[in-house]
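Structure at a glance
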Amino acid sequence: MTGIESFVGVNPWTALFTFCNMLITFAVLKHFLFKPVKQMIDDRQQEIDQMYADAAAAKQQAAALEQEYQAHLTGIKQEQENMLREATARAQKREEEIINAAQAEAQSLRQAAEADMAQERKKAVNDLKNEIGGMAVEIASKVVEREINKADHQALIDEFIRNVGDAS
């Protein structure tokens, strides 16, 4: 059994030497492989974290810009509504001014027409008075020219009334 034992058996010096080789290999690998790989992974993780942070900041900035845009759009809509309200108010005021001016002009034209009618009426009355006065003078001259009896006097009055009725 010594043959198999030597084949399967454990030599303490070989085990110690293998253990030392493994420690040296592990230390060399840690120094030259694990640290750079870990550093590279950490750097890459920092880059990814920075990208996420930049993306979050860009998203927040986009949201802020969107809110600013919405506020600006709301302001423009309010300004548009105010301008429309002001324009409507100005148009209504102008409409009222035009209507009032037209009514005032119509009133002044009516008053002028009434004044002209009153003046024409006075003129017609004056003309009628002049005509009646002329007729009265004519009748009086006829009365003076002849002596009249009661029937002639009544005929003159009837003629005078007919002439006044025709004149009006």
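Residues numbered from 1 in each chain as written. Predicted model: local features only at pLDDT ≥ 70, side-chain atom pairs only at ≥ 80, totals over all residues. Heavy atoms only, no water.

Details of the packing of aromatic side chains
Summed over the entire model, instances satisfying the criterion amount to one aromatic pair. On the numbers, 6.1 Å between centres and 55 degrees between planes, the contact of F26 with F34 is tilted. On the basis of relative accessible area, F34 is assigned to the partly exposed category, the value being 40%. (Phe/Tyr/Trp six-rings, centres within 6.5 Å; stacked < 30°, edge-to-face > 60°. Buried < 20%, exposed > 50% of the residue type's maximum accessible area, 1.4 Å probe, protein only.)

Some thoughts on the UniProt feature "transmembrane region" (unreviewed entry) in the protein
Here, the residues flagged by UniProt with the feature "transmembrane region" (unreviewed entry) are residues 12–34. Within residues 12–34, the helical portion is 100% and the strand portion 0%, while the C-alpha atoms at the span's ends are 30 Å from each other. (UniProt positions renumbered as here; feature names shortened; annotations may be inferred. Helix = DSSP H or I, 4+ residues; strand = E, 2+ residues; numbered from the N terminus.)

With respect to the environment of N163
With respect to the helices and strands, N163 occurs in helix α3 (residues 150–167). Here the alpha-carbon distance between N163 and M135, two residues 28 residues apart in the chain, equals 8.2 Å.

Some remarks on the pattern of salt bridges
A pair can form between side chains of opposite charge whenever their charged atoms are brought close. Per the counting criterion, the structure on display carries three salt bridges. Note that D42 is salt-bridged to K38, the shortest N-O span being 3.7 Å. Note that D42 and K38 are positioned in helix α2 (residues 12–145) at a spacing of four residues, about one turn of the helix. Using a relative accessible area of 32% as the deciding quantity, one classes D42 as partly exposed. (Salt bridge = Lys/Arg side-chain N within 4 Å of Asp/Glu carboxyl O.)

Details of a nonpolar patch on the surface
A cluster of nonpolar side chains, contributed by F26, L29, L33, F34, V37, M40 and I41, occupies part of the molecular surface with about 650 Å² of accessible area. Tracing the backbone through its elements, the reader meets L33 in helix α2. Accessibility expressed as a relative area gives 40% for L33, which makes it partly exposed. (Patch = residues over 30% accessible without salt bridge, like charges linked within 9 Å, V, L, I, M, F, W, Y side chains within 5 Å. Areas by Shrake-Rupley, 256 points an atom, 1.4 Å probe, with all protein chains shown as cover.)

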